[in-house]
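One letter stands for each residue in the lines below.
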Amino acid sequence: MEVLASSSLSPIFFTEPNKINPNFSIQVKLWVTQPPKISKASNFSYARCRSNKSRRNATNPGVVFVCNRFLCVIERNDERKFSGKVMMKSSVNFRQNLSVALVRIVTVLLVSSISVVTTDSPPSWGLSEENLLFLEAWRTIDRAYIDKTFNGQSWFRYRETALRNEPMNTREETYMAIKKMVATLDDPFTRFLEPGKFKSLRSGTQGAVTGVGLSIGYPAASDGPPAGLVVISAAPGGPANRAGISPGDVILGIDNTTTETLTIYDAAQMLQGPEGSTVELAIHSGPETRLLTLTRERVSVNPVKSRLCELPGSGSNSPKIGYIKLTTFNQNASSAVREAIETLRGNNVNAFVLDLRDNSGGSFPEGIEIAKFWLDKGVIVYICDSRGVRDIYDTDGSNAIATSEPLAVLVNKGTASASEILAGALKDNKRALVYGEPTYGKGKIQSVFELSDGSGLAVTVARYETPAHTDIDKVGVTPDHPLPKSFPKDEEAFCGCLKDITAACYLNQGLLFSR
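Just so it is clear, the structure is predicted and the values come from calculations on it, not from any experiment.

Visitor: Give me the confidence of the model for the protein chain: which residues, what numbers.
Guide: Here the protein chain averages 76 in pLDDT, and 71% of its residues register 70 or above. Of all the helices and strands in the protein chain, strand E1 (residues 3-6) carries the lowest mean pLDDT, 32, while helix H5 (residues 171-183) carries the highest, 97. Predicted confidence for residues 106-124 stays below pLDDT 50, and this span has 32 contacts to residues more than four positions away or in other chains.

Structure follows, in structure tokens:
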């Protein structure tokens, strides 16, 4: 008989047959075969990690079960140890007392939440480098993923099954096994990234990208056909923007490859490439589908543009509005916004307009930092998981630089992710009025994790709620007021719409900043 006891949450892995790896679990083994004859074996006791001294002073003779962290052995009171197999002759008393001892062992194991399994022989396989990479990916998702039911499956059992059944002899096979594992979560934003794709994703937050200047996302379930990837925003002045591609357009194909089954990471890699090379896009816009050939170029992601707009008035009392357009949340965003605010305040502006239209998001910490510039106190965002609020980001006003001037925030359906966090925080804290149309509605937060071989995982780690506990996922931030359809998206034309009372895009200053 062999009794194998191990943690049900941490299966034991062996580097050599019958050799225990203490980094994974505790294993307790007991073999009993053909016991030799014992004239008197009526007194048994169970001891865990008993010292030699305590054993010598024991008053009860007989056989003692002694367990340490890794192994149980059987000892007689005369200090002779038996590990592995113990030879004794069977007798009624022996079997009865042995049963009592075993019951005590099993009871201790159950109290310790350890499951007991009976097997014919212990499992034994070596962990290869490919197995270890798979386990690294599994462990990353296990620790970070928002849904601790893992889409209604036993995540530990999946690991065990995959290590036994999935081929992992080459790096390509291991990548395929990881992708298959991630796919069971049925979450389009949690993805495995090969080294090239991981590098491509990270480059999007570094300040410049060689491509066509598009931010893309998955279509909402309610969008219906055509199937493809949705344009969230086109970088101002970039190849896609110059070709007339707008937020809401659908990319049906990239270089004759349908986007229906592409992930946003696969598509992003296909859109990027060497400077001067071309890429062909099939774009569905309104009632028509267009085929466009775009030339890739280095798109500088300058996150901020600003302008001082002086409105008609009398002399030095003319109202001044500081316009700030924030196009992305890269690593330079907060410092650029701070610089713009301070410059405009130096020109004695009376109010601010923060334009977040077509800003598809980016770095979450940058969004939090920018919110602090405008708020003297209050909650910025709640981070939630399946059990409720997990963390709170707020501000005490120590980083505030513009809390008194009226503020208007402009949004549209291309406003997503970190932009929605910022817009929601300013709206719910009654710091700003929001103008435009409902935003994109990406209420999930992903963190990017690099694996040891240079590949990576983008993992949904949380969802967020605005300070008013509004979950905007797939709904978006609802604006306070609409904007005229012809309202411009560049700083020059913006100032014109505030100055020219006859313009179709005219927006009265009193209406813009009214509460």
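Alright, that's what it looks like, and here's the rest.
Visitor: Tell me about the pattern of salt bridges, and name the residues and values.
Guide: Enumeration according to the criterion identifies 13 salt bridges in this entry. Of the charged contacts, one joins Arg345 and Glu405 as a salt bridge, the two residues approaching to 2.8 Å between their closest N and O atoms. Pair noted here: Arg345 is in helix H9 (residues 333-346) and Glu405 is in the loop between strand E20 (388-395) and strand E21 (407-411), with a separation of 60 residues, a long-range link. The exposure class assigned to Glu405 is buried, which follows from its relative accessible area of 10%. Salt bridges sharing common partners tie together Glu129, Glu130, Arg171 and Asp453.

Visitor: I'd like a rundown of the packing of aromatic side chains, residues and numbers included.
Guide: One pair of aromatic rings is described through two measures. These are the centre distance and the angle between the planes. Per the stated rule, a full pass over the model turns up 10 aromatic pairs. When the centroid spacing of 6.2 Å and the interplanar angle of 25° are considered together, the rings of Tyr145 and Phe150 count as stacked. With a relative accessible area of 5%, Phe150 lands in the buried category. Here Phe487 and Phe494 contribute two aromatic rings whose centre-to-centre distance is 5.8 Å and whose plane-to-plane angle is 75°, an arrangement assigned as edge-to-face. Side by side, Phe487 and Phe494 carry an identical accessibility label, which is buried. An aromatic cluster is defined as three or more aromatic residues linked by ring pairs; in this entry it consists of Trp138, Tyr145, Phe150, Trp155, Phe156 and Tyr158. The side chain of Arg159 reaches across the aromatic face of Trp138, ending 4.4 Å from its centre. Just above the ring of Phe189 sits the side chain of Lys442; from NZ or CZ to the centre is 5.1 Å.

Visitor: Residues and numbers for the sheet that holds strand E17 (residues 320-326), please.
Guide: With mixed pairing, the 5 strands of this open sheet are ordered in space as E16-E17-E18-E21-E22. Looking at strand neighbours, the two that pair on one side only are strand E16 (304-310) and strand E22 (433-436), the edges of this open sheet. Direction aside, neighbouring strands of the sheet carry axes that sit 20° apart on average. Examined bridge by bridge, E17 and strand E18 (residues 351-355) share 5 bridges and lie parallel to one another. Along E18, the bridge assignment pairs Gly322 with Phe352. Helix-sheet contacts for helix H12 (residues 491-499) involve E16, E17 and E18, and the interaxial angle to E16 is about 25°.

Visitor: Tell me about the side chain of Ser334, and please be specific about residues and values.
Guide: With respect to the helices, strands and loops of the structure, Ser334 is situated in helix H9. Note on Ser334: relative accessible area 12%, which makes it buried. Discounting chain neighbours no more than four positions away, the residues touching Ser334 are Glu366, Glu369, Ile370 and Phe373.

Visitor: Now, about the pairing of E17: what can you tell me, with residues and values included?
Guide: Among the 7 residues in E17, 6 count as buried, and that is most of the element. The sheet contact formed by E16 and E17 spans 7 bridges and is antiparallel. By the bridge assignment, Lys305 is partnered in E17 with Lys325. Crossover handedness for the path E17 to H9 to E18: right-handed.

Visitor: Explain the packing of helix H3 (residues 129-144) against helix H4 (residues 155-165) to me, and be specific about the residues and the numbers.
Guide: Between H3 and H4, the least distance of the axes is 11 Å, while the angle of their chain directions is 170°. When the interaxial angle is binned, H3 and H4 end up roughly antiparallel. Residues Asn131, Phe134, Leu135, Trp138, Ile141 and Asp142 of H3 form the contact with H4, whose participating residues are Trp155, Phe156, Tyr158, Arg159, Ala162 and Leu163. Here the residues of the contact of H3 with H4 are counted per class, giving 9 nonpolar, 1 polar and 2 charged.

Visitor: Break down the nonpolar core for me, with residues and values.
Guide: If you look at the biggest cluster of nonpolar residues, it comprises 68 residues, and the most contacted ones within it are Ile141, Leu354, Trp374 and Val409. Counting residues per element, this core draws most heavily on H3, which supplies 7 residues. Phe189, Val231, Tyr265 and Leu281 belong to the second-largest nonpolar core, a separate cluster that totals 25 residues.

Visitor: Can you lay out the state of the cysteines for me, pointing to particular residues and giving the numbers?
Guide: Taken as a whole and assessed by the stated rule, the structure comprises 1 disulfide. Between the sulfur of Cys309 and that of Cys495 lies a disulfide, 1.7 Å long from S to S. Around the S-S axis, the bridge from Cys309 to Cys495 shows a dihedral of about -60° and counts as left-handed. On the criterion of sequence distance, the pair formed by Cys309 in strand E16 and Cys495 in helix H12 is long-range, its members being 186 residues apart. The exposure class assigned to Cys309 is buried, which follows from its relative accessible area of 0%.

Cut-off values and rules
- Residues numbered from 1 in each chain as written.
- Predicted model: local features only at pLDDT ≥ 70, side-chain atom pairs only at ≥ 80, totals over all residues.
- Heavy atoms only, no water.
- pLDDT = per-residue confidence, 0-100.
- Helix = DSSP H or I, 4+ residues; strand = E, 2+ residues; numbered from the N terminus.
- Contact = heavy atoms within 4.5 Å.
- Salt bridge = Lys/Arg side-chain N within 4 Å of Asp/Glu carboxyl O.
- Buried < 20%, exposed > 50% of the residue type's maximum accessible area, 1.4 Å probe, protein only.
- Phe/Tyr/Trp six-rings, centres within 6.5 Å; stacked < 30°, edge-to-face > 60°.
- Lys NZ or Arg CZ within 6 Å of the ring centre and 35° of its normal.
- Pairing = 2+ DSSP bridges.
- Axes fitted to C-alpha atoms, helices over the stretch in contact; angles between N-to-C directions.
- Right-handed = clockwise from strand over helix to strand, strands pointing away.
- Parallel < 35°, antiparallel > 145°, perpendicular 65-115°, else oblique.
- Nonpolar A, V, L, I, M, F, W, Y, C, P; charged D, E, K, R; others polar.
- Core = buried A, V, L, I, M, F, W, Y, C linked by side-chain atoms within 4.5 Å.
- Disulfide = S-S within 2.5 Å.

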